[in-house]
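Chain by chain, the residues:
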Amino acid sequence: MKIIVCIKQVPDVTEVKWDENGSLIRTGLPSIINPNDKNAIEAALTLKEEKGAEITVVSMGPPQVEEALREAMAMGCDHAVLLTDRKFGGADCWATAYTLGMAIKKLGHFDLIFSGVEAMDGNTAQVGPEIADFLGLPLLSYAEAIEVGEGTVKIHQKLGDLTRVIEGPMPALITCEKELNVPRIPRMDLVFECFEKEIKVLGMADVDGELENFGLKGSPTRLRKVFSPKRAKAQVEFLEGTPKESSQKLVEKLHEINAI
């Protein structure tokens, strides 16, 4: 079985800065593997231990993303691919998914693709589903449990307070919830070994696709403004009287602030 895991490196801070194009300014920021993507890595590693698998982890970003890829290999992934090119810069979800999809096509045969449900720096939950669309794959999203059979895969899907069971043929793409598992901590010997492994680097010239679909040029959405919301100051007012009188006063107050 061959598994591909798509991961993203994200800033490990609450305050981030953006340039005039809406691209994250990464200089000087500590970075980590997106936490939800670690659940995807763990899901792949669990299948590797249960059924045997070869895992390739893929990420798009600047050269520093190599750190995240090496951490994934320290956890147990076999191969790593870094997509890095200035022409990939400024990509929104659509262009990112297109680039990852084109690269995955170049990698050849696979049985499953795993990704996190969403990245903590964007929270769009779009990249995984869009990769599935570009590659024409069945999408099994919001997985809280995964069962792989002969040529099929079944998930328990998070659906509010309910759970839905979905089954589809392989190859398929699965987006993983944080409730799916607890990502492992790499053993120290594997941390040292991961720095001896080669990371395959691909640029624009190495992947197929139309030039106008990559990076900022291929992004149909633009960020007009990014800011940290200001916290509203809480105000408390006690309404005196009987329950009926208090209820009436509450209704009047809500009408005053156009809440109802």
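Overview of the structure.

Glancing now at the overall build of the protein chain. Per the secondary structure count, the protein chain includes six helices and eleven strands. Overall size of the protein chain, expressed as C-alpha extent along the three principal axes, is 70 × 45 × 40 Å. The buried share of the protein chain, taken over its 260 residues, is 40%. Considering only residue pairs separated by 6 or more positions, the protein chain has 70% of its internal contacts joining residues 24 or more positions apart. Accessible area of the protein chain: about 15,200 Å², with a carbon and sulfur share of 52%. Of the side-chain charges in the protein chain, 30 are positive and 40 negative, and the distance between the mean point of each set is 5 Å.

Moving on: the environment of Leu 180. For Leu 180, the location among the structural elements is in the loop between strand 10 (172–176) and helix 5 (188–194). Given the relative accessible area of 18%, Leu 180 is considered buried. For the pair Leu 180 and Glu 144, spaced 36 residues apart in the sequence, the C-alpha separation amounts to 4.3 Å. For Leu 180, the residues in contact, after removing those within four places along its chain, are Asn 39, Ala 43, Ala 143, Glu 144, Ala 145 and Ile 146.

A few words now on the side chain of Asn 181. Position of Asn 181 among the secondary structure elements: in the loop between strand 10 and helix 5. Take Asn 181: its relative accessible area is 18%, and that puts it in the buried class. Within polar-contact distance, the side chain of Asn 181 engages the side chain of Asn 39 at 3.0 Å. Contacts of Asn 181, omitting those with residues within four sequence positions, involve Asn 39, Glu 42 and Ala 43.

As a further point, take the pairing of strand 1 (residues 2–6). For strand 1, a buried count of four out of five residues is recorded, marking the element as mostly surrounded by other parts of the structure. By the bridge criterion, four bridges tie strand 1 to strand 6 (residues 112–116) in an arrangement that is parallel. Each residue of the ladder has a partner; that of Ile 4, found in strand 6, is Ile 113.

Another aspect to go through is the nonpolar core. By size, the foremost hydrophobic cluster in this structure holds 37 residues, and its most contacted members are Ile 3, Val 5, Ile 7, Ile 41, Leu 112, Phe 114 and Ile 174. Not counting chain neighbours up to four residues away, the residues in contact with Leu 112 comprise Met 1, Lys 2, Ile 3, Ile 4, Leu 47, Val 148, Val 153, Met 170, Ala 172 and Ile 174. Core analysis: the second largest hydrophobic core is formed by 25 residues, Val 58, Ala 97, Ile 113 and Leu 137 among them.

On to the sheet that holds strand 1. Strands sit in the order 9-8-7-10-6-1-4-5-11 across an open sheet of nine strands; the sheet is mixed. Taken across any chain shown, the strands that pair with only one partner, and hence form the sheet edges, are strand 9 (162–169) and strand 11 (200–202). Strand-to-strand twist of the sheet, defined as the mean angle between neighbouring strand axes without regard to direction, takes the value 35°. Across five bridges, strand 1 lies against strand 4 (residues 54–60) in parallel orientation. Across the sheet, Val 5 pairs through a bridge with Val 57, a residue of strand 4. The sheet contacts of helix 3 (residues 93–107) involve strand 1, strand 4, strand 5 (79–83) and strand 6, and relative to strand 4 the element is tilted by about 145°. Contacts between helix 4 (residues 127–135) and the sheet are confined to strand 1, strand 6, strand 7 (139–148) and strand 10, with strand 10 contributing the most and set at about 175° to the helix.

What follows is about helix 3. Think of an α-helix as turning once every 3.6 residues; residues three or four places apart then point the same way. Here helix 3 spans 21 Å end to end across 15 residues, near enough to the 21 Å set by a 1.5 Å rise per residue. Residues Cys 93, Ala 95, Thr 96, Ala 97, Tyr 98, Thr 99, Leu 100, Gly 101, Met 102, Ala 103 and Ile 104 constitute the buried set of helix 3. Considering only its buried residues, helix 3 is in contact with strand 1, strand 4, strand 5, strand 6 and helix 4. Of the residues that open helix 3, the one with a side-chain oxygen 3.1 Å from the backbone nitrogen of Trp 94 is Asp 92. Residue Gly 108 follows helix 3 closely and has a positive phi angle near 95°.

Analysis parameters
Residues numbered from 1 in each chain as written. Predicted model: local features only at pLDDT ≥ 70, side-chain atom pairs only at ≥ 80, totals over all residues. Heavy atoms only, no water. Helix = DSSP H or I, 4+ residues; strand = E, 2+ residues; numbered from the N terminus. Buried < 20%, exposed > 50% of the residue type's maximum accessible area, 1.4 Å probe, protein only. Contact = heavy atoms within 4.5 Å. Areas by Shrake-Rupley, 256 points an atom, 1.4 Å probe, with all protein chains shown as cover. Lys, Arg positive; Asp, Glu negative; His and termini not counted. Charge placed at Lys NZ, Arg CZ, Asp CG, Glu CD. Polar contact = N/O pair within 3.5 Å; in protein donor to acceptor, adjacent residues only side chain to side chain. Pairing = 2+ DSSP bridges. Core = buried A, V, L, I, M, F, W, Y, C linked by side-chain atoms within 4.5 Å. Axes fitted to C-alpha atoms, helices over the stretch in contact; angles between N-to-C directions. Expected span 1.5 Å × (residues − 1).

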